[in-house]
Amino acid sequence: MKRIVVLISGRGSNLPSIAEACAREQWPAQLVAVISNRPEAAGLQVAAAAGIATQALDHRAFAGREAFDAALAEAIDAHAPDLVVLAGFMRILTPGFVERYAGRLINIHPSLLPAFPGLHTHRRALEAGCKLAGATVHYVTPELDYGPIIAQAAVPVRADDTEATLAARVLDAERRLYPLALGWAVNDALRVENGLVRQRDGQAQWLVFGA
Ligand code: GRF
């Protein structure tokens, strides 16, 4: 059984869909812990309700990024994870931390990378007049919101979209995309070659949601 630790900072919006897929598709895996850098994160309750162990590690209690990341790594390693999944974890990670989990650290970002790394992706997509938006699941490398792309989901941008309506549509897509990508990861169906991620069975690494 692969052991999955999930890191969150907020609502844990992707947790239910991941937990459901893990059970429904009988992944050879279990969600062993959800750790938040914010004690007040609503996602901790979501995790607890699903019977997953939770832990809060308040980054504000640490002198700096290095100290926090060291404590975070210790908390994660206590669960001996095979996979560390970022699900709305809003902290920049130190290169040392990223290296430690190289190949088993996965993130979801609410844009079609490499467009719009960083914050406010939906506002930026609207301002740029994008006609498509979406989300990307990728392996984490030291560069922010970069790293080999595992899968992407595209959604239309509507003329009357606001940041909120677009964010909601992308989040809906994430609920389909993240379980798909993580299912491949726990089933060893992914291979990285020259920085490109291949799916073992040739499955499409994208989802497109219509108008
Ligand atoms: C999602 O948009 C995800 O892509 C990003 O954080 C958002 C989820 O955060 N990384 P939350 O679970 O709603 O706090």
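Residues numbered from 1 in each chain as written. Predicted model: local features only at pLDDT ≥ 70, side-chain atom pairs only at ≥ 80, totals over all residues. Heavy atoms only, no water.

A. Here's a closer look at the pattern of salt bridges. Counted by the stated rule, this structure contains 11 salt bridges. Residues R24 and E25 are paired through a salt bridge, measuring 3.3 Å at the closest nitrogen-oxygen approach. Note on E25: relative accessible area 43%, which makes it partly exposed. The partner of R191 in a salt bridge is E193, with the nearest N and O atoms 2.8 Å apart. Owing to a relative accessible area of 44%, R191 belongs among the partly exposed residues under this scheme. (Salt bridge = Lys/Arg side-chain N within 4 Å of Asp/Glu carboxyl O. Buried < 20%, exposed > 50% of the residue type's maximum accessible area, 1.4 Å probe, protein only.)

B. Region of interest: unusual backbone geometry. The omega torsion of the bond from L113 to P114 falls at 15°, within 30 degrees of zero and hence cis. Topologically, P114 is positioned in the loop between β5 (105-109) and α5 (121-127). Unusually for a residue other than glycine, A80 sits at a positive phi of about 45°. By the secondary structure assignment, A80 is in the loop between α3 (65-77) and β4 (83-86). According to the relative accessible area criterion, A80 is partly exposed, its value standing at 47%. Phi at F116 is positive, roughly 55°, even though this residue is not glycine. Summarising the element assignment, F116 is placed in the loop between β5 and α5. (Helix = DSSP H or I, 4+ residues; strand = E, 2+ residues; numbered from the N terminus.)

C. Layout of the sheet that holds strand β1 (residues 2-8). Taken together, the 8 strands give an open sheet; going across it, the order is β3-β2-β1-β4-β5-β6-β7-β10, and neighbouring strands pair in mixed fashion. Whereas interior strands pair on both sides, the edge strands pair on one side only; in this sheet they are β3 (54-56) and β10 (206-208). On average, each strand axis in the sheet is tilted by 15° relative to the strand beside it, whichever way the strands run. Both strand β7 (residues 149-156) and β10 contribute to a ladder of 3 bridges, which runs parallel. In the sheet register, A154 faces β10, and the bridge partner there is V208. Across the sheet, helix α6 (residues 163-186) lies against β1, β2 (29-36), β4, β5, β6 (132-139), β7 and β10, angled at about 155° from β7, the strand it touches most. (Pairing = 2+ DSSP bridges. Axes fitted to C-alpha atoms, helices over the stretch in contact; angles between N-to-C directions. Contact = heavy atoms within 4.5 Å.)

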